[in-house]
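The chain contents come next:
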Amino acid sequence: MKHTIVALVLDKPGVLNRITSMIRRRGFNISSLAVGASEAPSLSRMSFVVEGGEETVKQVTKQLQKIIDVVKVADISKENVVARELALIKVTTTPATRSEIVQLVDIFRAGIIDVGSESLIIEVTGDEEKINSLARLLEPFGVKELMRTGRLAMVRGSSTVKIDDDQLGAPAPRTASNGAPSSDSPPPGW
Amino acid sequence: MRMTGGQMLCESLLREGVSVVFGLPGGAILPLYQTLPQFPQLRHILVRHEQGAAFAADGYARATGRPGVCWATSGPGATNLVTGLACSMMDSVPVVAITGQVARSAIGTDAFQETDITGITVPITKHNYLVTRAADVPQVIREAFCLAGTGRPGPVLVDIPKDVLTEEADFNYPEVVHLPGYRPILEAPIEQVRKAAGLIAAAKRPLILAGHGVIISRAFQELRELAERAQTPVVSTLLGLSSFPEDHILYVGMPGMHGAAYASMAINEADLLIAIGMRFDDRVTGKLSAFAPNASVIHIEIDPAEVDKNIKAHVALVGDAKHVLRQLLPLIQPKTNPEWLRRVEELKQAHALGSPRPDRLQQRYVLERLSEITDGRAIIVTGVGQHQMWAAQYYQFKEPNLFMSSGGLGAMGYEVPAAMGAQLGRPDKVVWSIAGDGGFQMTMYELATMVENNIPVKFALMDNSYLGMVRQWQDLFYKKTYVATHYTRNPDFVKLAEAFGLWAVRVKEVDHVDDAIHQAMLHQGPALIDFWVDQEENVFPMIPPGQTVAELMEEPEERVHWKK
Ligand SMILES: Cc1ncc(C[n+]2csc(CCOP(=O)(O)OP(=O)(O)O)c2C)c(N)n1
Ligand SMILES: [Mg+2]
């Protein structure tokens, strides 16, 4: 089962490394990852496609949340979402195949963004299935290069994955929350 | 006020209440060292190896409950800290480690002694920082202490390039820092707490499984109150030892791989397990699917990621152990479980730990005597191996927070520097290091540090000429094929200790044990007893890895008649 997780993370050097390091060392299976700017200047928005059962995905979410630079994590798999990927496909063309390819591009509402003498670059946006099928149909013509972004996903309607209102401004705990002594006093007896 | 990065660092440490730092200098961190004379309130303990600094900071932190601080130079100094940091991470110990780094312009060029220590330590620190401007030092240090010491504690590493240590900027110490991604949960939702109270009221065979979290949150009184009010017996994980008085009628023992058989059996028979501040490590659970087969589980745990990770909780109370227990206690009606307590007592009688043979010097005997002579009130720091398990089994802890050991990482060599750190943190206590001859030789150079600084740790060196625990596995699981576990020519540890400047004595006979222990404690400075112990004794009981109580091996027959 594939789950979509969205995270807001601090836009700081090393954040991506912290996240991928955790995913690698715990053996989680991530089939796509996308990262970029968000609506807030200090935050990046990421989305992950995680493969695994309910328990695994819960663990991924919690382990992500534990990373200090990760501010918010949400599993939006059960929500009504729009999900999109973008792909660029460089396909071989000959005078004989060109019109057939153009037809396909039209059917998929894709676009041609570069025309060379022996190849075209096609830009296509959509869900994974759509991109997979276009790629499959282009295969016989000779796909020279294919590149796709990870899945971007957003919950439909007005609900949003955002940080809580107080979250950026809330002070971190000042003293040990655990009541540990602040001086060299011995621990309390039982 | 204008200060250099190095001065800001020292000033910030003072603001955080730091009084001791363990470290060793080198090029990249030199500017920091050269500012130390301006900060006489910061006591610097010059170690012999940076691993010693990291372990000492860990021992200091466990003993005091406050972050321990260590520092090292770039490159090899920083990498030498790694084992200690991994240990603190696994055992949730608050440590702040500071490393020098090559100058900013040289980062990324494979400069002399450049190592990507922030990259290396991502998985073994709670968080880490590379400081790129002197002006950021105070805030980073403030954040580092906040992260290390709160929530589920852990090590935080701060890497500071050499030219940041010398750069000048205005010093402003932030009262408050903002860490939007960090919000430790202290209290559990009250409906969940009510559910837990309901389970406790209904349980016929409840059992508390106390872990390190009880000690970290200093929830000693709350734990005791819960146990007494609900008449619930208490078993303890390795790192939970000394969270509950062992001479208490409700104390059962440590379960798990080398735990007491009756403690594992009690888990097996319980109908409710109240797990507090622990993470169901495989050394506790054995085969997960067969663990506590008859029990519902209440899991009190500050780290949400530990809930349902290994064992599914029926009621999860995410929060700080002390806070959650305080929420729970008012909802607990006094109750009795006489039949269950009788049953637990029965298990205790039927499966008592064996007694040491009187005709040989066995580690168990030494530990029994140590426990008796120190009245169960010494701080016990162990290495890893057989001696560690026997210390856990045979020392009877009668005061809170007395047991320090590398539980999660299982790092040999912990016993020497961590004991040093613990003693510095608790100068009022007698600290005994229970050392293996293997582990001792990994870090024994810190004896010099102890003598130099008059840190009066007492060593019980359990000298069996073996990497004993590994030999035991070879004995039990590889038909006694001993490969690379026998030290055929150990050094003369008495002469060695004396060369370092310790008082030392060798003990080969049962009759000389008491005397040696008394003498070591009468001696003002650090002292060492080289116990030549039974070489091929095995630790029992044992539940082989990944197995269940049904496969528990008790003491073999020929040893049983030594039981009291
Ligand atoms: C740094 C490190 N290396 C290897 C091990 C594997 N190991 C676990 S116990 C043990 C034997 C320890 O020997 P010793 O310190 O003499 O203690 P004993 O078991 O003999 O009491 C070894 C090698 C370890 N835990 N830590
Ligand atoms: Mg040994």
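Along each chain, numbering runs from 1 in the same order as the chain's sequence is written. In the order they appear in the text, chains get letters beginning with A and ligands get numbers beginning with 1. Given that the model is predicted, a residue must reach a pLDDT of at least 70 before its local features are reported, and side-chain atom pairs must reach 80 or more before they are shown or counted; all residues, however, enter totals for whole chains, interfaces and linings. The basis for the side-chain values is all heavy atoms of the structure; hydrogens and waters are excluded.

A. The overall build of chain B, seen in detail. A helix here means a DSSP run of H or I that spans at least four residues, while a strand means a run of E at least two residues long, and both kinds are numbered starting from the N terminus. Scanning chain B from N- to C-terminus turns up 24 helices and 20 strands. Each radius of gyration reported is based on C-alpha atoms, and the globular scaling rule is 2.2 Å times the count of residues to the power 0.38. Relative to the compact-globule value of 24 Å for 564 residues, chain B shows a C-alpha radius of gyration of 24 Å, a close match. Looking at the 564 residues of chain B, the share that counts as buried comes to 64%. By definition, residues are in contact when any of their heavy atoms lie within 4.5 Å. A sequence separation of at least 24 residues applies to 76% of the contacts in chain B between residues at least 6 apart. Each accessible area is a Shrake-Rupley result for a 1.4 Å probe, and residues are judged covered by the shown protein chains and nothing else. Of the roughly 19,800 Å² that chain B leaves accessible, carbon and sulfur atoms contribute 52%. Using a 1.4 Å probe on the protein chains alone, a residue whose accessible area is under 20% of its type maximum counts as buried, one over 50% counts as exposed, and one in between counts as partly exposed.

B. Molecular detail of the coordination of the magnesium ion (ligand 2). Residues and elements named next belong to chain B. With water omitted from the atoms examined, metal sites may look incomplete; donors here are N, O and S atoms no farther than 2.8 Å from the metal, or 3.2 Å in the case of Na, K and Ca. Note on the magnesium ion (ligand 2): its protein donors are Asp437 (OD), Asn464 (OD1) and Tyr466 (O). The metal-donor distances range over 2.0 to 2.1 Å. In primary-sequence terms, the residues that donate to the magnesium ion (ligand 2) follow D-x26-N-x1-Y. Remark: Tyr466 occurs in the loop between strand E18 (458-463) and helix H21 (468-477) and Asp437 occurs in helix H19 (residues 437-443); sequence separation between them is 29 residues. We classify Asp437 as buried; its relative accessible area is 1%. Since its relative accessible area comes to 6%, Tyr466 is described here as buried.

C. Here's a closer look at the state of the cysteines. Residue and element names in this part refer to chain B. Two cysteine sulfur atoms form a disulfide, by the criterion used here, when they sit within 2.5 Å. Inspection of the entire model under this criterion finds zero disulfides over all chains. Free cysteine: Cys87, not disulfide-bonded; nearest cysteine sulfur from Cys70 at 12 Å. Here Cys146 is not disulfide-linked; the sulfur of Cys70 is the nearest cysteine sulfur, at 19 Å.

D. Highlighting the packing of helix H3 (residues 50-64) of chain B against helix H5 (residues 82-90) of chain B. Residues and elements named next belong to chain B. An axis is simply a line fitted to the C-alpha atoms; with a helix, the fit covers only the stretch in contact. Between two such axes, the angle follows the N-to-C directions and lies from 0 to 180 degrees. Between H3 and H5, whose axes approach to 7 Å, the crossing angle comes to 25°. Here H3 is positioned roughly parallel relative to H5, judged by the angle of their axes. Across the interface between the two elements, Gln51, Ala54, Phe55, Asp58 and Arg62 of H3 pack against Thr83, Gly84, Leu85, Cys87 and Ser88 of H5. Lys, Arg, Asp and Glu make up the charged group, whereas Ala, Val, Leu, Ile, Met, Phe, Trp, Tyr, Cys and Pro make up the nonpolar group; the residues left over, Gly among them, are polar. For the contact of H3 with H5, the residue count by class is four nonpolar, four polar and two charged. When an angle is under 35 degrees it counts as roughly parallel; over 145 it counts as roughly antiparallel; between 65 and 115 it counts as roughly perpendicular; any other value is oblique.

E. Expanded view of the environment of Arg489 of chain B. Residues and elements named next belong to chain B. By the element assignment, Arg489 lies in the loop between H21 and helix H22 (493-500). Owing to a relative accessible area of 73%, Arg489 belongs among the exposed residues under this scheme. In the structure, Arg489 is positioned 24 residues away from Ser465 in sequence and 8.0 Å away in space, judged by C-alpha atoms.

F. Broad picture of the pattern of salt bridges. Salt-bridge detection follows one rule: a side-chain nitrogen of Lys or Arg within 4 Å of a carboxyl oxygen of Asp or Glu. All told, the structure shown has 47 salt bridges over all chains when counted by the stated rule. Note that Arg343 of chain B is salt-bridged to Glu269 of chain B, the shortest N-O span being 2.7 Å. Here Arg343 of chain B is found in helix H15 (residues 338-350), whereas its partner Glu269 of chain B is found in helix H12 (residues 261-269), with 74 residues between them in sequence. According to the relative accessible area criterion, Glu269 of chain B is partly exposed, its value standing at 23%. We note a salt bridge from Arg364 of chain B to Glu537 of chain B, for which the minimum N-O separation is 2.8 Å. Taken as a pair, Arg364 of chain B in helix H16 (residues 363-373) and Glu537 of chain B in the loop between strand E20 (527-532) and helix H24 (557-560) lie far apart in primary sequence, 173 residues in all. The exposure classification of Arg364 of chain B matches that of Glu537 of chain B, with both residues buried. Taken together, the shared-partner salt bridges connect Lys66 of chain A together with Arg152, Asp303, Glu306 and Lys309 of chain B into one network.

G. A look at unusual backbone geometry. Residues and elements named next belong to chain B. A cis geometry characterises the amide bond from Phe540 onward to Pro541, with omega recorded as -5°. Mapped onto the secondary structure, Pro541 falls in the loop between E20 and H24. The backbone phi angle of Ser465 is positive, close to 60°, even though this residue is not glycine. Following the sequence through the fold, Ser465 ends up in the loop between E18 and H21. Of note, the phi angle at Lys480 is positive, near 60°, even though the residue is not glycine. Along the polypeptide, Lys480 turns up in the loop between H21 and H22.

H. Seen up close, the site of ligand 1. Residues and elements named next belong to chain B. As a structural note, the neighbourhood of ligand 1 is formed by 17 residues, with His387, Gly410, Asp437, Gly438 and Gly468 the closest of them. Any pair of N or O atoms that falls within 3.5 Å is considered a polar contact. Within protein, one atom must be able to donate a hydrogen and the other to accept it, and sequence-neighbouring residues count only if both atoms are side-chain atoms. His387 places a polar side-chain atom, nitrogen or oxygen, 2.8 Å from an oxygen atom of ligand 1. Residue Tyr466 places a main-chain N or O atom 3.0 Å away from an oxygen atom belonging to ligand 1. Within the complex, the protein chains bury 76% of what would otherwise be the 590 Å² of accessible surface of ligand 1. Broken down by secondary-structure element, the contributors of at least two residues to the shell around ligand 1 are helix H17 (386-394), H19 and H21. At four residues, the largest contribution of residues to the shell around ligand 1 is made by H19. Taken together, the residues of the shell around ligand 1 break down into seven nonpolar, nine polar and one charged. Throughout, the term near means that a residue has one or more heavy atoms lying within 4 Å of the molecule or strand in question.

I. Quick look at the domain arrangement of chain A. An automatic or database domain assignment supplies the residue ranges for each domain. Split into domains, chain A comes out as domain 1 (2-79 + 159-167) and domain 2 (84-148). Computed over C-alpha atoms only, the centres of domain 1 of chain A and domain 2 of chain A are separated by 31 Å.

J. View of the packing of aromatic side chains. All names here are of chain B. Aromatic rings from Phe, Tyr and Trp, with only the six-membered ring used for Trp, were paired whenever their centres fell within 6.5 Å, and each pair was classed as stacked if the ring planes differed by under 30 degrees, edge-to-face if by over 60, and tilted otherwise. In this structure the tally under the stated criterion is 12 aromatic pairs over all chains. For the ring pair Tyr395 and Phe397, a centre distance of 4.9 Å and an interplane angle of 50° mean the geometry is tilted. Considering the side-chain rings of Phe397 and Phe403, the 5.5 Å spacing of their centres and the 70° angle between planes classify their relative orientation as edge-to-face. Note on Phe403: relative accessible area 4%, which makes it buried. Put simply, the rings of Tyr395, Phe397 and Phe403 pair up and form one aromatic cluster.

K. Geometry of the interface of chain A and chain B. In this assembly, 41 residues from chain A lie in contact with 58 residues from chain B. Once two parts are joined, some of their accessible surface, as seen by a 1.4 Å probe, is lost; buried area is that loss totalled over both. Both faces considered, chain A and chain B share a buried interface measuring about 3,900 Å² in area, 52% of it formed by carbon and sulfur atoms. Viewed at the interface, chain B and chain A are joined by two salt bridges. With a shortest N-O distance of 2.5 Å, Lys66 of chain A and Asp303 of chain B are connected by a salt bridge.

L. Structural detail: the confidence of the model for chain B. Here chain B averages 97 in pLDDT, and 99% of its residues register 70 or above. For this predicted complex, the interface confidence comes out at an ipTM of 0.93, alongside a pTM of 0.96. Each residue carries a pLDDT score, the predictor's confidence in it, ranging from 0 to 100.

M. How the structure looks around the domain arrangement of chain B. All names here are of chain B. Domain annotation for chain B reports domain 1 (2-170), domain 2 (190-350) and domain 3 (363-539). The straight-line distance from the C-alpha centre of domain 1 to that of domain 3 is 29 Å. Facing the 23 residues of domain 1 at the interface are 26 residues of domain 3. Summed over both sides, the interface between domain 1 and domain 3 buries roughly 1,900 Å², with carbon and sulfur atoms accounting for 64% of that surface. Sorting the residues of domain 1 by area buried against domain 3 places Arg48, Phe55 and Ala63 first, and these three jointly supply 30% of that buried surface. There are one salt bridge connecting domain 1 and domain 3. Close ionic contact of Glu452 with Arg48 constitutes a salt bridge, the shortest N to O distance being 2.9 Å.

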